[in-house]
Amino acid sequence: LPGTHNAHSYKLRSMTSFGRNFTACQSLNVFSQLMAGARSLDLRLCNHENRLWCAHSHCITVTFTEILNQVLRFVKACPSEVIILRCKTEWDWRGK
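Now for a description of the structure that goes with this document. (Residues numbered from 1 in each chain as written. Predicted model: local features only at pLDDT ≥ 70, side-chain atom pairs only at ≥ 80, totals over all residues. Heavy atoms only, no water.)

Helix length check: helix α3 (residues 64-77), at 14 residues, gives a terminal C-alpha distance of 20 Å against a target of 20 Å (1.5 Å per residue), a fit within 8%. Every buried residue of α3 is listed here: Phe64, Ile67, Gln70, Val71 and Phe74. Across the axial projection of α3, the buried residues extend over an arc of 125°, all falling on one side. Projecting away from the buried face of α3 at angles above 90 degrees are the exposed residues Lys76 and Ala77. Where α3 is buried, its residues meet α2 (30-35), β2 (40-48), β3 (51-56), β4 (59-63) and β5 (84-89). (Helix = DSSP H or I, 4+ residues; strand = E, 2+ residues; numbered from the N terminus. Expected span 1.5 Å × (residues − 1). Buried < 20%, exposed > 50% of the residue type's maximum accessible area, 1.4 Å probe, protein only. Arc of directions from axis to C-beta. Contact = heavy atoms within 4.5 Å.)

Take a look at the structure:
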């Protein structure tokens, strides 16, 4: 099944250009990744300011809601497709 690693890491917040070169795994947003053929998305989640965000290493990327909206947009455009979201925590933030 074609998929993308750190699918959310196309948009990074508060990173230096040096760090951005090592943290950005994707150049396309999730909708474009799906349109290009990805059907499995690797997502790393964290709690940031009481909201569910995606993160790569210690860099916040986009909200999980933004990812879900892009997936929903794709599924509406291509209703026969199945998308797998592989979600895991990026940091141990349970209890914080």
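Before going further, it helps to examine the pairing of β3. Here β2 runs beside β3; their pairing, made up of four bridges, is antiparallel. Its bridge partner being in β3, cysteine 46 is matched across the sheet by tryptophan 53. A loop of two residues connects β2 with β3, the two strands running antiparallel in sequence, and glutamate 49 in this loop sits at a positive phi of about 55°. (Pairing = 2+ DSSP bridges.)

What follows covers the side chain of threonine 61. Inspection of the secondary structure puts threonine 61 in strand β4. Accessibility expressed as a relative area gives 1% for threonine 61, which makes it buried. A distance of 2.9 Å separates the side chain of threonine 61 from the side chain of histidine 8, its partner in a polar contact. (Polar contact = N/O pair within 3.5 Å; in protein donor to acceptor, adjacent residues only side chain to side chain.)

Another point: unusual backbone geometry. With a phi angle near 55°, glutamate 49 is a residue other than glycine that sits in the positive phi range. Within the secondary structure, glutamate 49 is located in the loop between β2 and β3. By relative accessible area, which is 66% here, glutamate 49 ends up exposed. The backbone of asparagine 50 shows a phi angle near 60°, a positive value even though the residue is not glycine. Within the secondary structure, asparagine 50 is located in the loop between β2 and β3.

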